[in-house]
Amino acid sequence: MSLIDCPECQKEISEQAKSCPNCGYPIPVKKTKYELECERQSTRNAGINAFFGAAIGLLILLGVIIFVLIAIGSFILRLTF
Ligand SMILES: [Zn+2]
């Protein structure tokens, strides 16, 4: 555990502290490389999920349209024959 200087009152405070115990200045949480990588990964995954979600939605829509067209087609065939 190391100490950092409070940006507000310049007192030495724990870098683990969420806010300065002296002046109450909120200490911005330093993100580790791992946390940043995780965040980037999750946003990338969210993008991929959105893409696949849209693709699957489109496929389902296409399936419904084809099903309806086949149903209408067979209905018309039944009427004509
Ligand atoms: Zn302070």
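Model, not experiment: these values are computed from the prediction. (Residues numbered from 1 in each chain as written. Predicted model: local features only at pLDDT ≥ 70, side-chain atom pairs only at ≥ 80, totals over all residues.)

## Some thoughts on the overall build of the protein chain
Operational definition: By the criteria applied, helices consist of DSSP H or I runs no shorter than four residues and strands consist of E runs no shorter than two, each listed in order from the N terminus. Every radius of gyration here is taken over C-alpha atoms, with the globule rule written as 2.2 Å times N^0.38, N being the number of residues. In this scheme the burial state of a residue depends on its C-beta neighbours within 10 Å: 20 or more other such atoms mean buried, 12 or fewer mean exposed, and anything in between means partly exposed; the C-beta positions come from the backbone. Residues are defined as contacting one another if the C-beta atoms placed from their backbone atoms lie within 7 Å.
Per the secondary structure count, the protein chain includes one helix and two strands. On C-alpha atoms alone, the protein chain measures out to a radius of gyration of 29 Å, which is more than a quarter above the 12 Å that the 2.2 N^0.38 rule sets for 81 residues. Its C-alpha atoms give the protein chain principal-axis dimensions of roughly 90 × 20 × 15 Å. Here the protein chain holds 81 residues, and 1% of them are scored as buried. Expressed as a percentage of contacts within the protein chain between residues at least 6 apart in sequence, the contacts between residues at least 24 apart total 0%.

## What to know about the environment of Y34
In this structure, Y34 sits in helix 1 (residues 33-80). Of the residues examined, Y34 has 8 C-beta atoms within 10 Å and is grouped as exposed. For the pair formed by Y34 and P7, sequence separation is 27 residues and the distance between their alpha carbons is 25 Å.

## Some thoughts on the domain arrangement of the protein chain
Quick reminder of the rule: Boundary definitions for the domains trace back to an automatic or database domain assignment.
Domain parsing of the protein chain yields domain 1 (1-30) and domain 2 (53-81). Its C-alpha centre places domain 1 at a distance of 64 Å from the equivalent point of domain 2.

## Thoughts on the environment of N45
Mapped onto the fold, N45 is located in helix 1. When the 10 C-beta atoms within 10 Å are taken as the criterion, N45 is described as exposed. Sequence separation between N45 and L62 is 17 residues, and the spatial gap between their C-alpha atoms is 25 Å.

## A few points about unusual backbone geometry
For Q10, which is not glycine, the phi torsion reads 65° and is therefore positive. Its location among the elements puts Q10 in the loop between strand 1 (3-5) and strand 2 (12-14). C-beta crowding within 10 Å serves as the criterion here: with 11 such atoms nearby, Q10 is assigned to the exposed category.

## Observations regarding helix 1
Operational definition: Expected helix span is computed as 1.5 Å times (number of residues minus one).
Given a rise of 1.5 Å per residue, 48 residues ought to cover 70 Å, and the 70 Å separating the end C-alpha atoms of helix 1 matches this to within 8%. Sparse coverage of helix 1 is indicated by the burial of zero of its 48 residues.

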